[in-house]
Amino acid sequence: MNRVKRQLAPYLLILPGSLWLLLFFVVPMFTMLSLSLQEGDVVNGYRFTFHWQTYVDAMEDYRTQLIRSLIYGLIATVVLIVLAFPAAYWIAFYGGRRKSTYLFLLLLPFFVSFVLRTISWKQILADQGPVLSPLRDAGLVPDAFHLLGSPAAVIGGLVYNFLPFMVLPIYVALERIDPRVVEAARDLYANPALAFRKVVFPLALPGVFAGVLMTFVPTTADYVNSEVLGGPETTMIGQVIQKQYLVNSDYPTASALSFVLIAVLLIGVFAYARALGTEDVMKVAAR
Amino acid sequence: MSASHLPDPSVIRGLTQRRLGRRDALRMSGLSALGMALAACGVQGQGAKPAASAAPDAVAKFWTGKTKNGHVDFANWPLYMDPKKPELKKFTAETGITVNYQEVIQEMGPWFAKVQPQLAAGQPIGYDLMVITNGIQFSQFRDSGFLAPMDHAKLPNFTKNAAEAYKKTAYDPDNQFSIPWASGITGIAYNPDKIKRPITKLADLWDEAFKGKIGMLSDTQELANFGLLANGVKPADSTADDWEKAAEKLKEQKTKKIVRNYYDQSYIDALGRGEVWIAQAWSGDIFQKNVSEGSNLKFVIPEEGATMWTDNMCIPITAKNPLDAIMLMDFLYQVPISASLAEYINYVCPVPAAQEQIRKDAAAASGEDKDYLESLADSPLLFPTETDYAKLHYYVTFATPSEQQEFQKTFEPIVLG
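Residues numbered from 1 in each chain as written. Chains lettered and ligands numbered in written order. Predicted model: local features only at pLDDT ≥ 70, side-chain atom pairs only at ≥ 80, totals over all residues.

K.L.:
Tell me about the overall build of chain A, and name the residues and values.
P.N.:
Looking only at helices and strands, chain A features 12 helices and two strands. Along the chain direction, N to C, the helices and strands of chain A fall in the order α-β-β-α-α-α-α-α-α-α-α-α-α-α. Taken along its principal axes, the extent of the C-alpha atoms in chain A is 80 × 75 × 35 Å. When the 287 residues of chain A are sorted by exposure, 34% land in the buried category. (Helix = DSSP H or I, 4+ residues; strand = E, 2+ residues; numbered from the N terminus. Buried ≥ 20, exposed ≤ 12 C-beta atoms within 10 Å, placed from the backbone.)

Given below as structure tokens:
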């Protein structure tokens, strides 16, 4: 009896998680796939007809927004690495006893809702706001210059909103580096730059990888930043999808666009994982 | 109507945020999109044939055997009634019917998407009365057979007091499925401090002198209406050809960078901040902004015409307490009640006699309250004149859902650039 129990235990343990995934991931995904191939309208109902044309039409109408989202996501991710690495590095190696305080300070703004934070950026970047007013008064920018509604504002918002998701994984990777490894490099006549390049940076890469996963996917799919900070020519694919779902009740187009986005992101992430080496991915996963 | 019942300035300030709250809240809840897909899946449509008018025996069929249950669940938009709900308290005192008033409707598209599955399955949605804007979703509700037919024998106050204009609308002729809650005008608002000449016509929105200082609405219907009217086409009579031309016109406005952005209700803040100088605007918002913040924005009904929208009270076909609901609807059409509502919400009042009532209330009030009420009674934004009405047009009405999809496809690329 006990042996049976022991054999069953692993399955019982994964049961809740599997059920959860089945119910809230597999079923909706399947439903969405089915929806994306249906035809009709909300009054007369949608019928499943293998209507692949929806994909063709959706890509024709919203290709620009999809490509734009990928570009914004990519730029935001690169900027995030550039900003987050030094911050994480400093906290990990020079933070001393205050490490957790610094991390907490970094996270503090994120106790405020995502949407509220984005709206506050709207005030900061406003034409008469604290950034542009002094610049304009000093004659540094022309009168008609504005930030709100520009791609820079949208990407800026994305970078700001996802910063901790890049800092934390890099910090974790850096924090685990044994200082003696760096000392050893120095003992073997590596100057600080070389020690960083040959020892610290490669050891931090799994953190960067995790950070990229945690930021590139949500920034590309984000719609709050472009909705709040964007203008007539910064629409991202997330905005299109939410509008098709929640305003137009055009479920097939919304589902088709969602699937295209998922496919593109998966391909991108897998290509990236291959390029960076699967071993690192496994290491990250194992942590 | 006592003066004590007037909103204090902070409440009025809150009012200007009304539409901002409505739409943004749902727009931001991105995750619900996923849930929506599941909910929508496998749900059958209802309207094999669009039921633009009810079958002759529909009224009798629906209302026979309906009894007063002593309770109404009422779904409305936020800030569409004094938070103390004096009108509902009076209703309860007079009829003994309790009202559960919920401000759950934020935006039409999402509201339709939310209740459609239950209605299609013939289940109650938890509300006996809901306020639906005439527009795409009104047709969707109606054509799906989701609205209970109105029994006009139960609506004597409406028959007696409602303005004639509201009895022959294109979206619901003869009020077969709805009666109005309040209306608003979509016109042009501008800041006279920034613009030295008076703005009088839609063509001003295409004037390159205001490059980058013009705000348009992101709602495709609102946007399309101005494109159509600028081309001299009445939205209600427009054809697919007219839509193409209007879209061209609107694209021109965008590619020349005359439009700063396409806004939801945040246009009012953009106007206040000076981000834009001229904007497509809703009448009540401008009136409230001026009253509450002392701003000096001007609202005009352009020469070429403007549009008018109406939020309508409807009974869902699966309502549990329809008789109580229709009693409440009619109760709200008593002149003093209607005036009391108009004094709070500041939108166009469907009861002309309420104007006289507000004047009486003003005469009885004193000081600031008196000024406030007098400005309300004389405001063309609450009580448009016949000349104003002649310039106001209703939205495009769609014969079929595919026509509506075509319309969306024509105008959406402009907003989702």
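On we go.
K.L.:
Outline the overall build of chain B, supporting the account with residue identities and numerical values.
P.N.:
Helices and strands together make up the secondary structure of chain B, namely 18 helices and 10 strands. Put simply, chain B has 417 residues, and 53% of those count as buried. Long-range contacts, defined here as pairs at least 24 residues apart, represent 81% of the contacts in chain B between residues at least 6 apart. (Contact = placed C-beta atoms within 7 Å.)

K.L.:
How would you summarise the nonpolar core if you had to cite specific residues and measurements?
P.N.:
Counting 174 residues, the largest nonpolar core has Ile 170 of chain A together with Leu 129 and Ile 278 of chain B as its most contacted members. Residues from two domains meet in this core; each of domain 1 (3–183 + 309–383) and domain 2 (196–308 + 400–415) of chain B gives at least three. Setting aside its immediate chain neighbours within four residues, Leu 129 of chain B contacts Val 72, Phe 74, Ala 75, Met 313, Ile 315, Ala 325, Leu 328 and Met 329 of chain B. (Core = buried A, V, L, I, M, F, W, Y, C linked by C-beta atoms within 7 Å. Domains from an automatic or database assignment.)

K.L.:
Please provide a residue-by-residue account of the interface of chain A and chain B, values included.
P.N.:
Tallying the contact residues gives 39 residues for chain A and 38 residues for chain B. Elements represented by at least two residues in the side of chain A that touches chain B include exactly helix H1 (2–36), strand E1 (38–41), helix H2 (53–94), helix H9 (224–229), helix H10 (237–246) and helix H11 (251–276) of chain A. Ranked by the residues each element gives to the side of chain A that touches chain B, the list is headed by H10 of chain A, at seven residues. Tallied by class, the residues present in the side of chain A that touches chain B amount to 18 nonpolar, 15 polar and six charged. (Nonpolar A, V, L, I, M, F, W, Y, C, P; charged D, E, K, R; others polar.)

K.L.:
So what about the pairing of strand E9 (residues 306–314) of chain B? Which residues, and what values?
P.N.:
All names here are of chain B. Of all nine residues in E9, nine are buried; the element is thus mostly enclosed. The alternating pattern of E9 places Ala 306, Met 308, Thr 310, Asn 312 and Cys 314 on one face and Thr 307, Trp 309, Asp 311 and Met 313 on the opposite face, and all of these are buried. In this sheet, E9 lies alongside strand E3 (residues 129–133) in antiparallel orientation, the contact comprising four bridges. Its bridge partner being in E9, Met 130 is matched across the sheet by Cys 314. Pairing analysis gives seven bridges linking strand E4 (residues 179–190) to E9, with the strands arranged antiparallel. Following the sheet pairing, Thr 186 is matched in E9 by Thr 307. Bridge count for E9 against strand E10 (residues 392–393) is two bridges, and the pairing is parallel. (Pairing = 2+ DSSP bridges.)

K.L.:
Outline the environment of Ala 325 of chain B, supporting the account with residue identities and numerical values.
P.N.:
All names here are of chain B. With respect to the helices and strands, Ala 325 occurs in helix H13 (residues 322–331). Overall, the presence of 28 C-beta atoms within 10 Å leaves Ala 325 in the buried class. Residues Ala 325 and Asn 69, 256 residues apart in the sequence, show an inter-C-alpha distance of 9.9 Å. When residues no more than four places from it in sequence are discounted, the contact partners of Ala 325 are Val 72, Asp 128, Leu 129, Ile 315 and Ala 319.

K.L.:
Outline the environment of Lys 213 of chain B, listing residues and values.
P.N.:
Residue and element names in this part refer to chain B. For Lys 213, the position within the fold is in the loop between E4 and strand E5 (214–217). For Lys 213, a count of 22 C-beta atoms within 10 Å corresponds to the buried category. Taking the C-alpha atoms as reference, Lys 213 lies 33 Å from Phe 138; in sequence the two are 75 residues apart. Filtering out sequence-adjacent residues up to four positions away, Lys 213 remains in contact with Arg 260, Val 276, Trp 277 and Ile 278.

K.L.:
Which residues make up the pairing of strand E7 (residues 278–282) of chain B, and what are the values?
P.N.:
In the case of a regular strand, side chains alternate between the two sheet surfaces. Residue and element names in this part refer to chain B. Counting buried positions along E7 gives five out of five residues, so the element sits mostly inside the fold. As paired strands, E5 and E7 are joined by two bridges and run parallel to one another. Note that in E7 the partner of Gly 215 across the bridge is Ala 279.

K.L.:
Go over the environment of Glu 208 of chain B with me, naming the residues and quoting the values.
P.N.:
All names here are of chain B. Among the structural elements, Glu 208 can be located in the loop between E4 and E5. For Glu 208, a count of 10 C-beta atoms within 10 Å gives the class exposed. The sequence separation of Glu 208 and Lys 256 amounts to 48 residues, and the corresponding C-alpha distance is 8.0 Å. In contact with Glu 208, not counting residues within four places along its chain, are Lys 256 and Ile 258.

K.L.:
Can you tell me about the packing of helix H15 (residues 354–364) of chain B against helix H16 (residues 367–378) of chain B, naming the residues and giving the values?
P.N.:
Residue and element names in this part refer to chain B. Their axes nearest at 8 Å, the elements H15 and H16 cross at an angle of 165°. It follows that H15 is roughly antiparallel to H16 by the angle criterion. In terms of crossing hand, the pair formed by H15 and H16 is left-handed. For the pair H15 and H16, the contacting residues are Gln 355, Ile 358, Arg 359, Asp 361 and Ala 362 in the first and Lys 370, Leu 373, Glu 374, Leu 376 and Ala 377 in the second. Class assignment of the residues belonging to the contact of H15 with H16 gives a composition of five nonpolar, one polar and four charged. (Axes fitted to C-alpha atoms, helices over the stretch in contact; angles between N-to-C directions. Parallel < 35°, antiparallel > 145°, perpendicular 65-115°, else oblique. Left-handed = near helix turned anticlockwise from the far one by under 90°.)

K.L.:
How would you explain unusual backbone geometry if you had to name every residue and give the values?
P.N.:
In this structure, Ser 249 of chain A takes a positive phi of about 50° despite not being glycine. Along the chain, Ser 249 of chain A falls in the loop between H10 and H11. We note that Lys 257 of chain B has phi near 60°; this positive angle belongs to a residue other than glycine. The class for Lys 257 of chain B is partly exposed, based on 14 C-beta atoms found within 10 Å.

K.L.:
Got a sec to walk through the packing of H2 of chain A against helix H8 (residues 192–221) of chain A? Specific residues and values, please.
P.N.:
All names here are of chain A. The interhelical angle for the contact between H2 and H8, taken along N-to-C directions, is 145°, at an axis separation of 9 Å. Remark: the crossing between H2 and H8 carries right-handed chirality. Residues Ser 69, Leu 70, Tyr 72, Gly 73, Ala 76, Thr 77, Leu 80, Ile 81 and Ala 84 of H2 form the contact with H8, whose own contacting residues are Val 208, Gly 211, Val 212, Thr 215, Phe 216, Thr 219 and Thr 220. Classifying every residue of the contact of H2 with H8 gives nine nonpolar, seven polar and no charged.

K.L.:
Can you explain the confidence of the model for chain B? Please cite residues and give values.
P.N.:
All names here are of chain B. On average, residues of chain B score 83 in pLDDT, and 87% of them reach the 70 mark or higher. A low-confidence stretch, residues 1–52 stays under pLDDT 50, and its non-local contacts, those more than four residues away or across chains, total 103 contacts. Listed scores for the predicted complex are pTM 0.78 and ipTM 0.76. (pLDDT = per-residue confidence, 0-100.)

K.L.:
A description of H13 of chain B should follow, citing residues and the corresponding values.
P.N.:
All names here are of chain B. Burial analysis of H13 places seven of its 10 residues in the buried class, the great majority of the element. Considered for burial, the residues of H13 that qualify are Pro 322, Leu 323, Asp 324, Ala 325, Ile 326, Leu 328 and Met 329. Those residues of H13 that are buried are in contact with strand E1 (71–75), helix H5 (86–95), strand E2 (98–102), E3, E4 and E9.

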